[in-house]
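Inside the fold
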Amino acid sequence: QGTGDVGEALNFTITGIEPGAGIMTAAENAIDVYGLDGWSVSASSSAAMTQQLATAYESEEPIIVTGWTPHWKFAAFDLKYLDDPEGVFGAEEVIQTFARQGLEEDHPTAYTVLDNFHWTADEMGEIMIDINDGADPAEAAAAWVDANAERVAEWTDGVEPVDGDALELVYVAWDSEIASTHMIGKVLEDLGYNVTLTPTEATYMFEAVANGSADATVAAWLPETHAHFLEDFGDDMVDLGVNLEGAKIGLVVPSYMDITSIEDLK
Ligand SMILES: C[SH](C)CC(=O)O
């Protein structure tokens, strides 16, 4: 697809995910900053986006998606990020853990484990790929925890087990957060917690931790992607730091497409 006609071929549409995701705000902003008149971002879901990507890829059709790393799609397909010379999608992102106020006093074991939690994009990817290959998220998470006992012990050594205390983790059903939340939920379950994993929209995820109706989230993308949520809710949450480095968001296309930069869409 030549750069000139990619807009025609795509009906000037970027394939997006859930409307509340930070990447969607960034994609809308990119249309404005790069002057992509006539372009729009279609909202759907992460699952729908990856399905549309797979369908286009199988027939080498053009497609532009709101994409992020870590994600299994880079293992499954030969993809590339479009250059973003204006820096609309930011540089490297990290994923952070936030807890509700009072968690340390109420559940010191869970607080310590969540504070210690830190892993790599590759480790997250192992669970994501397992799930994408058909495994149930809870089973994929349990298999990873069982196979990485030494790694898990780095987060849990010295903490006191509990006896059925209730704990709720909130997340958005992005493939990366399905993997991380099920994994750390399993670690907490193995310590005796009765863990509830609640998928929700990004706004409500942060709101629930800030108002204390949920205990924690390991799904905050910063410094750019979720910055606007931190403006609204950051003062009412406890920042437990980074749990994964080397994340990234942007516009992603199959490598068979000629375009290399967001500027090529003009
Ligand atoms: C889809 S990224 C994991 C997060 C976001 O865009 O809000």
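Residues numbered from 1 in each chain as written. Predicted model: local features only at pLDDT ≥ 70, side-chain atom pairs only at ≥ 80, totals over all residues. Heavy atoms only, no water.

With 12 residues, helix α7 (residues 121–132) extends 16 Å from end C-alpha to end C-alpha; this agrees with the ideal 16 Å at 1.5 Å per step. The set of residues buried in α7 consists of E123, M124, G125, I127, M128 and I131. Trailing α7 by a residue or two, G134 shows a phi angle of about 115°, which is positive. (Helix = DSSP H or I, 4+ residues; strand = E, 2+ residues; numbered from the N terminus. Expected span 1.5 Å × (residues − 1). Buried < 20%, exposed > 50% of the residue type's maximum accessible area, 1.4 Å probe, protein only.)

Let us now look at the pairing of strand β9 (residues 237–254). As paired strands, strand β3 (residues 65–69) and β9 are joined by 5 bridges and run antiparallel to one another. What sits directly across from G67, in β9, is G250. Note that strand β4 (residues 79–81) and β9 share 3 bridges and pair antiparallel. Each bridged residue has a counterpart across the sheet, and for Y81 the counterpart in β9 is V252. By the bridge criterion, 6 bridges tie strand β5 (residues 93–100) to β9 in an arrangement that is antiparallel. Counted as the bridge partner of R100 is M237 from β9. (Pairing = 2+ DSSP bridges.)

Here we take up the site of the ligand. Taken together, the residues surrounding the ligand are I17, A21, G22, I23, W68, W174, E177, W221, T225 and H226. In the model, an oxygen atom of the ligand is placed 2.7 Å from a nitrogen or oxygen of the G22 main chain. Between an oxygen atom of the ligand and a side-chain N or O atom of H226, the distance comes to 2.7 Å. Surface burial for the ligand is 100%, taken as the share of its 260 Å² of free accessible area covered by protein chains. Partitioning the shell around the ligand into residue classes produces 6 nonpolar, 3 polar and 1 charged. Looking at which domains feed residues into the shell around the ligand, each of domain 1 (3–91 + 249–265) and domain 2 (93–247) gives three or more. (Near = heavy atom within 4 Å. Polar contact = N/O pair within 3.5 Å; in protein donor to acceptor, adjacent residues only side chain to side chain. Areas by Shrake-Rupley, 256 points an atom, 1.4 Å probe, with all protein chains shown as cover. Nonpolar A, V, L, I, M, F, W, Y, C, P; charged D, E, K, R; others polar. Domains from an automatic or database assignment.)

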